[in-house]
Number of protein chains: 2
Amino acid sequence: LEEGDEQRVQELAEPLHNADIADLIEQFAPSERPDLAAALGDQLSPEVIAEMDDEVREDLVDLLPPEVVASVLSELDTDDAVAIVEDLDEEDQKAVLRALTADDRAALEEALGYPEESAGRLMQRDLIAVPQDWDVGQVIDFLRAAETDDLTEEFWEIFVVDARHHPVGTLKLSHLLRAPRPTKIADIMLREQTLVPVDMDQEEVALRFQKYALISAAVVDDAERLVGMITVDDIVHVVRQEADEDFRRLTGAEEGGLNERTRDIVRQRLRWLVINLGTAVAASIVIGVFSDTIEQIIALAILMPIVASLGGNAATQTMAVTVRALATDELTVSNTGRTIVKELRVALINGVAIAALIGIAAGVYFAQPLLGVVIAAAMLGNIVIAGLAGLLIPILLDRADIDPAISSSVFVTMTTDVMGFLLFLGLATAVLL
Amino acid sequence: LEEGDEQRVQELAEPLHNADIADLIEQFAPSERPDLAAALGDQLSPEVIAEMDDEVREDLVDLLPPEVVASVLSELDTDDAVAIVEDLDEEDQKAVLRALTADDRAALEEALGYPEESAGRLMQRDLIAVPQDWDVGQVIDFLRAAETDDLTEEFWEIFVVDARHHPVGTLKLSHLLRAPRPTKIADIMLREQTLVPVDMDQEEVALRFQKYALISAAVVDDAERLVGMITVDDIVHVVRQEADEDFRRLTGAEEGGLNERTRDIVRQRLRWLVINLGTAVAASIVIGVFSDTIEQIIALAILMPIVASLGGNAATQTMAVTVRALATDELTVSNTGRTIVKELRVALINGVAIAALIGIAAGVYFAQPLLGVVIAAAMLGNIVIAGLAGLLIPILLDRADIDPAISSSVFVTMTTDVMGFLLFLGLATAVLL
């Protein structure tokens, strides 16, 4: 398909949506992508580039001369352009910015001045704002008169501003359409609006969009002036990205998805494995303390991983719910107490059930009832500790302003491993020897 | 706050958004919620009820007489009404449906006829559709003439249909606004549109919205007739819900969030813990086979959990990425081969690094170089197996049409536990005895 026959490639790609062409490129091996991109010619539009995965795009953009990248950027909305530029090396970034027109450069530099993952990076500067003393006819004439190129392509709401460019209301297009021409804008705009400060974290922005079912929102600077807008299509990506990020962080997997580079994957996962090696060694030290006991009752060596493993599983269940409840602001000061009581109750019920099962099985299999009692007691204790650890460790990390998704598992796993071995082997030493 | 002083409660709630009132109710303990709801009076509008968490809403709605529930439903869009009705017991559902007007009942019954989590449940039937031979002026006059109550409150796109009610295009309000009155609709509508079949799974619908940055989409029945529309604000919830669901399923946590009932949490988690008890026992059986070896070299009992634990961690990293890549259609037949090669490479690099660390440490600490070699070899082997298991088990489950998020961890954990103990104790028996 790819060898030489460029015309055929372009014919095949012609009926496809930009997002589909981007997907197609991602499905090819990294080494084949530049050839495919070249064969696509004009089909590889700025919009296709904007649709690609960060990693795939980075590789492709690195191959293009700065002037070409600059011309791609100038055709995109600010938010899409920023997404491309922010991933470039500093050198390349400078070269590309130099190749832009002064206006585009200023817009991009301002956006890059905001922190990563903030509203300022997510917003587009192209929006429609009208003075509050206009009437419906003036707004419609303004929209009709404007050059198509000057208007942002997609908008569903018009922002109404006062003389100092502070947003005072939002005008839905559906309301605008249905009002007679002489109607005052001030009479049909919605005064209740959700303003997004330019430095707000994107996760917080996404929560507001979800909560108030927003379609777009005005972004304001420190002086409350309108500086941009965020639209819901970008928020859909943020919602998915933030949920996936929490998920991957809890397991120490790479931040990016399938297209992340091998080198980056190794670095991110290895760091996590080394930390886990540390916690595994800590658990082994506990076992080492009781090696005399194990030498006398070898059944302990056979049974001890069960206590640690079930504790780990129980803790992970609670932790998964807690981390997401914290991320979505569902777990607050006022319901923490109630949640602790509920977790304790769940842990007690499940702990008793699992303890009974393993206690009877072990007691019967090893023909040693007291061994069954010991493992049952240790199991119950560890599952209760697991429930508390899975809930309290993320909460405490969150209070200390540490991302619970990144660091909870280490502490939680260490707690259930160490306590599992300590309870089981300690009880066995006290009761069985 | 809650005792008697209803007026004060209503005053405090007055300036709040519906979503904030819903949040407020959720923050109270389940036993206090009915009193608070009663105190809120008219502030507890149908929209507030629609905004609540499923579990919280269910409890409250259960307390209301069917007639009241019916009057709440009649004020909501079909999608919100369905969300409330689908959670009711069969008895209550029938009583509520009987209390509705014939029109509303027919609409709800039809929606309930579609499978759960399908486009049919998610869509609203209130939408604006116009014939393709109209011009801009006719559309605007139609919108202005319609009673406000007859139009859905929020719409950003108008669907254009042919004589048989098949959608033929989409008209953005921004395009409508900017076109002169005599312009033919057929000339300014977008012909390229994403149609959603009524029985499509909501996860698939969400992927299309994300991919094509849609704001709303037409839902069609088997005969390709327009039957409803889905808007992006509902999709934002689906995206988050589906990502969170995968996350919780992998850990065996409950499907709902913080407000799930204790009884349901216990049931869901306990099932998972019992399965995990089974896999933990399987691993113990492997240890039991080698109990003679352990009796002779007690260091093996101390070190063996490290091999199993690191394998489990490495597998979970790969599994987290794979499960989400499958859910979002990023992992396909054409890039599976490449992904396997990449995972193998990552596993080999990380395996060698971790094996070297633990091998040297164990060899030095126990003053037994050969023991160091054995644990290093077992660790390397288990991390490579972990990488393959974390990738291939979810893929195989997905091919067999089993949700990989639900079942992957069981198989993956069992593989790394069993193989960890088998490799380490097996090698030790062969080499050290």
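In this text, all values refer to a predicted model and were calculated from it rather than measured experimentally.

J.: I tried to follow the overall build of chain A on my own but got confused; where do I start?
T.: When helices and strands are counted, chain A shows 21 helices and six strands. Relative to the 2.2 N^0.38 estimate, which gives 22 Å for 433 residues, the radius of gyration of chain A is 29 Å and therefore markedly larger than a compact globule would have. Along the first, second and third principal axes, the C-alpha set of chain A runs to 90 × 60 × 35 Å. Residues counted as buried form 56% of the 433 residues belonging to chain A. Within chain A, residue pairs in contact and separated by at least 24 positions form 67% of the contacts whose partners lie at least 6 positions apart. In the form shown here, chain A has an accessible surface area of approximately 18,100 Å², with 54% of it arising from carbon and sulfur atoms. Seen as two clouds, the 31 positive and the 76 negative side-chain charges of chain A have centres 7 Å apart.

J.: Is there a simple way to explain the sheet that holds strand S1 (residues 129-131) of chain A in this structure?
T.: Within a sheet, adjacent strands bond to each other through the backbone by hydrogen bonds, running parallel or antiparallel. Residues and elements named next belong to chain A. Judged by pairing direction, the sheet is mixed, and its three strands sit side by side in the order S1-S2-S3 without closing on themselves. The open sheet has two edge strands, S1 and strand S3 (167-172), and neither has a second partner. Here the strands of the sheet are splayed against their neighbours by 35° on average, with no regard to which way each runs. Sheet topology places strand S2 (residues 157-161) next to S3; five bridges connect them, and they run antiparallel. Note that in S3 the partner of Phe 159 across the bridge is Thr 170.

J.: Help me out: how do you make sense of the packing of helix H16 (residues 262-289) of chain A against helix H19 (residues 333-365) of chain B in this one?
T.: Packed helices, taken two at a time, are described by the angle their axes make and the gap between the axes. Contact geometry of H16(A) with H19(B) gives a least axis separation of 10 Å together with a crossing angle of 35°. Between H16(A) and H19(B) lies a crossing of right-handed hand. In contact with Thr262(A), Ile265(A), Val266(A), Arg269(A), Leu270(A), Leu273(A), Val274(A), Leu277(A) and Val281(A) of H16(A), H19(B) contributes Lys342(B), Glu343(B), Arg345(B), Val346(B), Ile349(B), Asn350(B), Ala353(B), Ile354(B), Leu357(B) and Ile358(B). The class makeup of the residues in the contact of H16(A) with H19(B) is 13 nonpolar, two polar and four charged.

J.: Where do I start with the domain arrangement of chain A in this structure?
T.: Quoted interface sizes are often the accessible area lost when the parts come together. Residues and elements named next belong to chain A. In terms of domains, chain A is made up of domain 1 (6-117), domain 2 (129-247) and domain 3 (261-432). Each of domain 2 and domain 3 has a C-alpha centre, and the two are 49 Å apart. Domain 2 puts six residues into the contact, and the matching count from domain 3 is six residues. Both sides of the domain 2 and domain 3 interface together cover about 450 Å² of buried area, and 47% of this is carbon and sulfur. Inspection of the domain 2/domain 3 interface yields one salt bridge. We note a salt bridge from Arg 324 to Asp 246, for which the minimum N-O separation is 2.9 Å. Of all the elements in the fold, those that place two or more residues in the side of domain 2 that touches domain 3 are helix H14 (202-212) and helix H15 (232-251).

J.: Would you take a moment to explain helix H3 (residues 33-40) of chain A for this structure?
T.: In an α-helix, one full turn covers 3.6 residues, which means residues spaced three or four apart are oriented alike. All of the buried residues in H3(A) are Arg33(A), Leu36(A), Ala37(A), Ala39(A) and Leu40(A). With its buried residues spanning 165° around the axis, H3(A) presents them on a single face. Residues of H3(A) that are exposed and point more than 90 degrees away from the buried face comprise Asp35(A) and Ala38(A). Contacts made by the buried residues of H3(A) are with helix H1 (6-13), helix H2 (18-27) and helix H5 (54-63) of chain A together with H19 of chain B. The positive-phi residue at the C-terminal boundary of H3(A) is Gly41(A), with phi of around 55°.

J.: Please explain the interface of chain B and chain A as it appears in this structure.
T.: Every contact between the two is made by 113 residues of chain B and, on the other side, 113 residues of chain A. Buried area between chain B and chain A, summed over both chains or domains, comes out near 10,200 Å², and the portion from carbon and sulfur atoms is 63%. Asp244(B) is the partner of Arg324(A) in a salt bridge, and the nearest nitrogen-oxygen pair spans 2.6 Å. Of all the elements, helix H18 (residues 299-327) of chain B adds the most residues to the side of chain B that touches chain A, at 16 residues. Classifying every residue of the side of chain B that touches chain A gives 58 nonpolar, 26 polar and 29 charged.

J.: Honestly, the packing of aromatic side chains in this entry has me stumped. Any pointers?
T.: Pairs of aromatic rings are described using the distance from one ring centre to the other and the angle between the two planes. Residues and elements named next belong to chain A. The full count for this structure, using the stated rule, is five aromatic pairs over all chains. Here the aromatic rings of Tyr 365 and Phe 366 are separated by 5.0 Å at their centres, their planes lie at 85°, and the arrangement is edge-to-face. Assessed through its relative accessible area of 68%, Tyr 365 is described here as exposed. What makes Phe 366 partly exposed here is its relative accessible area of 23%.

J.: Honestly, the sheet that holds strand S5 (residues 216-220) of chain A in this entry has me stumped. Any pointers?
T.: All names here are of chain A. Across the sheet, three strands lie side by side as S4-S5-S6; this open sheet has mixed pairing. Looking at which strands have only one partner, the edges of the open sheet turn out to be strand S4 (196-197) and strand S6 (226-231). Against the sheet, H14 engages S4, S5 and S6, with an angle of about 65° to S6.

J.: Sorry, what's going on with unusual backbone geometry here?
T.: Most of the time, phi is negative for any residue but glycine, and the peptide bond is trans. For Glu117(A), which is not glycine, the phi torsion reads 60° and is therefore positive. Tracing the sequence through the fold places Glu117(A) in the loop between helix H9 (102-113) and helix H10 (119-122). When its relative accessible area of 29% is taken as the criterion, Glu117(A) is described as partly exposed. In this model, Asp329(B) sits at a positive phi of 60°, which is unusual for a non-glycine residue.

J.: Help me understand the relation of the copies chain B and chain A in this model?
T.: Applying a rotation about an axis and a shift along it to one chain copy brings it onto the other copy. Note on the copies: chain B fits chain A at an RMSD of 0.1 Å, the axial shift is 0.0 Å, and the rotation between them is 180°. Both chain copies can therefore be described as sitting about a two-fold axis. Residue by residue, 100% of the interface of chain B is reproduced at the interface of chain A, so both copies engage with the same surface.

J.: Would you take a moment to explain the side chain of Glu242(A) for this structure?
T.: Residue and element names in this part refer to chain A. In this fold, Glu 242 is placed in helix H15. Buried within the structure, Glu 242 lacks any salt-bridge partner; its nearest side chain of opposite charge belongs to Arg 249, at an N-O separation of 5.8 Å. Sequence-distant contacts of Glu 242, defined by excluding residues within four places in its chain, comprise Glu 117, Gln 202, Glu 203 and Arg 324.

Calculation notes
- Residues numbered from 1 in each chain as written.
- Chains lettered and ligands numbered in written order.
- Predicted model: local features only at pLDDT ≥ 70, side-chain atom pairs only at ≥ 80, totals over all residues.
- Heavy atoms only, no water.
- Helix = DSSP H or I, 4+ residues; strand = E, 2+ residues; numbered from the N terminus.
- Rg over C-alpha atoms; globule rule 2.2 N^0.38 Å.
- Buried < 20%, exposed > 50% of the residue type's maximum accessible area, 1.4 Å probe, protein only.
- Contact = heavy atoms within 4.5 Å.
- Areas by Shrake-Rupley, 256 points an atom, 1.4 Å probe, with all protein chains shown as cover.
- Lys, Arg positive; Asp, Glu negative; His and termini not counted.
- Charge placed at Lys NZ, Arg CZ, Asp CG, Glu CD.
- Pairing = 2+ DSSP bridges.
- Axes fitted to C-alpha atoms, helices over the stretch in contact; angles between N-to-C directions.
- Left-handed = near helix turned anticlockwise from the far one by under 90°.
- Nonpolar A, V, L, I, M, F, W, Y, C, P; charged D, E, K, R; others polar.
- Domains from an automatic or database assignment.
- Buried area = accessible area lost by both parts, 1.4 Å probe.
- Salt bridge = Lys/Arg side-chain N within 4 Å of Asp/Glu carboxyl O.
- Arc of directions from axis to C-beta.
- Phe/Tyr/Trp six-rings, centres within 6.5 Å; stacked < 30°, edge-to-face > 60°.
- Least-squares fit on C-alpha atoms with pLDDT ≥ 70 in both.

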